[in-house]
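Results of the structural survey
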Amino acid sequence: MTEFVMENCKVNPKGNLEFAGADTTELAGQYGTPLMLLDENKIREHAALYRDAMKKYFTPDSYPLYASKALSYKGIYRIMQQEGVGSDAVSCGEIYTAKAAGFDVGKMVFHGNNKTEEDLRYAVRVGIGRIVVDGPEELEELGKICTGLGVKQKIQIRITPGIDPHTHKAISTGRVDSKFGNAIATGQAEKITRAALKTEGVELMGFHCHVGSQIFETEPFINASAIMMSFIADMKKKTGFEAKELNLGGGFGVRYVKEHPYFDYEKAIEELSVKIKEQSASLNVKMPDIMLEPGRSMVAAAGITLYTVGSVKEIPEMKNYVSIDGGMTDNPRYALYQSQYEAVIANKAGQKADYVCSIAGRCCESGDLIAENIKLQKAKKGDILAVFVTGAYNYSMASNYNRLPRPAIVTVRDGHSEVAVRRESYEDLIKNDV
Ligand code: LLP
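Along each chain, numbering runs from 1 in the same order as the chain's sequence is written. Two thresholds apply to this predicted model, a pLDDT of at least 70 for residue-level local features and 80 or more for giving and counting side-chain atom pairs, whereas whole-chain, interface and lining totals are computed over all residues. Computation of side-chain values covers all heavy atoms of the structure but excludes hydrogens and water.

Next up on the list: the domain arrangement of the chain. Its domain assignment divides the chain into domain 1 (9–39 + 300–430) and domain 2 (111–294). Any two residues whose heavy atoms approach within 4.5 Å are treated as being in contact. The interface is formed by 8 residues belonging to domain 1 together with 9 residues belonging to domain 2. Between domain 1 and domain 2 lies a buried interface of about 860 Å² when both sides are counted; carbon and sulfur atoms form 56% of it. In the sections that follow, a salt bridge refers to a side-chain nitrogen of Lys or Arg positioned within 4 Å of a carboxyl oxygen of Asp or Glu. Inspection of the domain 1/domain 2 interface yields 1 salt bridge. Those domain boundaries reflect an automatic or database domain assignment. Two parts placed together each lose some accessible area under a 1.4 Å probe, and adding up what both lose gives the buried area.

This is the structure we're talking about:
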């Protein structure tokens, strides 16, 4: 029996790949390709895991905020709301999408290292839960906007704890030289905290940090939480301000390929809670409400992408290319980070996978690859290729390069499927052209 990297995938009696109880070759026929499939139960399972574990191990008012940069469309905010999960947004586009879905933006935090005045105004007007202030200019601007509007906006301050999580440098954010936040080591964190306490129109709730993404060890998170708790204690001593909230960001790793370890999210939360409680007692600060911002670990393993194979090119004694009807426009992660993926020919899923090949997209660009030198079943034109673990940072990073329309998203639940995002049409592509 073939074992796939995703537990919600198996070979059905017809020898086809089954995903979340549905035959993927039938879904490809029904909805066309490229097609992103999402296992809705899996997303709900992850949301519930975070929600329950955080209540169990932290204070009762602690909760997860889904980092919607991982995958943002109206339906995902509805799912999160139903599961009692908040959300993080990094643009007004994400906030707008959430609002349009009926999401309570009071349970949303707004990030970004260069929010514009218009962004801040919009977020305050719609009643965003927290603004995570990234720097002094933003604090000043926000103060002015809020006093002008006669409101008091709850904020957290983004702190750079000075942690190197040893992940890909493009997704490492906790180091002192990061473009994000205010470093403790340079004194900038203290300075902005003092400024926030004096700024009218804002109410400082606590602090935020995010060390990076796709991290498999709990150590960087534990270290970050210890540094943040010490900072909270230091600020209490120096200013009298005691943080009510500590937002530790996202970053828990996801198993994309069998060589990756399993990351036990609940265990990591438990270990974090032990450390934070210890620190709270020894530093004599109140246990803050904890927020976490999981993005990837909420949705990555809930998604697969289906493509149709168009050509198979064999360069003797060199390389085999299997070309598909999508590529870097719907999944730029290999082109950007050389991220690893596993894949299968869905209509031959039960057959042995010993054909070494690279999966090439259809863009006019040699770097448009999804994987290199992976083992697949022998492929031919018309086959359906399924790429695993594509739920996070695929659709949300998709582009229209080469004027290729973005794929559709279909959710699958206990074998039943439903369109969540329609496939883009050519008219959609030119709708803003004048
Ligand atoms: N919170 C903040 C402030 C973040 O910057 C991020 C991710 C998250 C939460 C969510 O982190 P996660 O749980 O998903 O690791 N495009 C890259 C990932 C960029 C992550 C950016 N920030 C990729 O495809 O790997």
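There is more to say after this.
Turning our attention to the site of the ligand. Proximity is defined per residue: any heavy atom of the residue falling within 4 Å of a molecule or strand makes that residue near it. For the ligand, the set of nearby residues contains 19 residues, the closest of which are Ser213, Glu293, Arg296, Arg333 and Tyr393. What qualifies as a polar contact is a pair of N or O atoms within 3.5 Å, subject to a donor-acceptor requirement within protein and to the restriction that residues adjacent in sequence count only when both atoms come from side chains. Within the side chain of Ser213, a nitrogen or oxygen atom sits 2.4 Å from an oxygen atom of the ligand. Here Arg333 contributes a side-chain N or O atom positioned 2.6 Å from an oxygen atom of the ligand. For accessible areas, the Shrake-Rupley method is used with a probe of radius 1.4 Å. Any residue's cover is judged against the shown protein chains and nothing else. About the coverage of the ligand: the protein hides 92% of its 580 Å² of free accessible area. Split into classes, the residues belonging to the shell around the ligand amount to 6 nonpolar, 7 polar and 6 charged. Shared between two domains, the shell around the ligand holds at least three residues of each, these being domain 1 (9–39 + 300–430) and domain 2 (111–294). For this classification, Asp, Glu, Lys and Arg are treated as charged, while Ala, Val, Leu, Ile, Met, Phe, Trp, Tyr, Cys and Pro are nonpolar and the rest, including Gly, are polar.

Attention now moves to the environment of Phe19. Strands here mean DSSP runs of E at least two residues long; helices mean DSSP runs of H or I at least four residues long; both are numbered from the N terminus. Residue position: Phe19 is located in strand E2 (residues 17–19). Overall, the relative accessible area of 0% leaves Phe19 in the buried class. Put simply, Phe19 and Met397 are 378 residues apart on the chain and 23 Å apart in space, counted from C-alpha to C-alpha. The contact partners of Phe19, leaving out residues within four places of it in the chain, are Met6, Asn8, Cys9, Thr24, Leu37, Leu38, Asp39, Ala302, Ile304 and Val412. Only protein chains enter the accessibility calculation, which uses a 1.4 Å probe. A residue is then buried if its area is under 20% of the maximum for its type, exposed if over 50%, and partly exposed in between.

On to the pairing of strand E5 (residues 63–67), then. Summarising burial for E5: 5 of the 5 residues are buried, a large majority. Pairing between two strands is assigned when DSSP locates at least 2 bridges connecting them. In this structure, E5 lies alongside strand E13 (residues 289–292), joined through 2 bridges in parallel fashion. In the strand pairing of E13, Pro64 is matched with Leu292. As paired elements, E5 and strand E6 (residues 86–89) share 3 bridges and run parallel to each other. Directly across from Leu65, in E6, lies its bridge partner Gly86. Between E5 and its parallel partner E6, the chain crosses via helix H3 (residues 74–82), and the hand of that crossover is right-handed. Whether a crossover is right-handed depends on one test, that the path from the first strand over the helix to the second runs clockwise when the strands point away from the viewer.

Glancing now at the pairing of E6. A regular strand places its side chains on the two faces of the sheet in alternate fashion. Where burial is concerned, the two faces of E6 agree: the one with Gly86 and Asp88 and the one with Ser87 and Ala89 are both buried. The sheet contact formed by E6 and strand E7 (residues 108–110) spans 3 bridges and is parallel. By the bridge assignment, Asp88 is partnered in E7 with Val109. With respect to chirality, the unit in which E6 leads through helix H4 (residues 92–100) into the neighbouring parallel E7 is right-handed.

Turning next to the packing of H4 against helix H5 (residues 117–126). Axis separation between H4 and H5 bottoms out at 10 Å; the angle between their running directions is 25°. By the angle between their directions, the pair H4 and H5 is classed as roughly parallel. As for how H4 packs across H5, the hand of that crossing is left-handed. Of H5, the residues touching H4 (which contributes Cys92, Ile95, Tyr96 and Lys99) are Asp119, Tyr122, Ala123 and Val126. Each residue belonging to the contact of H4 with H5 can be placed in one class, and the counts come to 6 nonpolar, no polar and 2 charged. Between N-to-C directions, angles span 0 to 180 degrees; the directions come from axes that are lines fitted to C-alpha atoms, helices contributing only their stretch in contact. An angle below 35 degrees is read as roughly parallel, one above 145 as roughly antiparallel, one from 65 to 115 as roughly perpendicular, and any other as oblique. It is the rotation of the near helix from the far one that decides the hand of a crossing: anticlockwise by less than a right angle makes it left-handed, clockwise makes it right-handed.

Centres within 6.5 Å make a pair out of two Phe, Tyr or Trp rings, where for Trp the six-membered ring is used; the pair is then stacked when the planes are under 30 degrees apart, edge-to-face when over 60, and tilted otherwise. Taken as a whole and assessed by the stated rule, the structure comprises 11 aromatic pairs. An angle of 75° between the planes, with centres 5.0 Å apart, marks the rings of Phe207 and Phe231 as edge-to-face. One end of the pair, Phe207, is in strand E11 (residues 202–208); the other, Phe231, is in helix H8 (residues 219–239), and 24 residues separate them in sequence. The same class applies to Phe207 as to Phe231, namely buried. Ring-pair connections join several aromatic residues into one group, and the members of that group are Tyr50, Phe221, Phe252, Phe263 and Tyr265.

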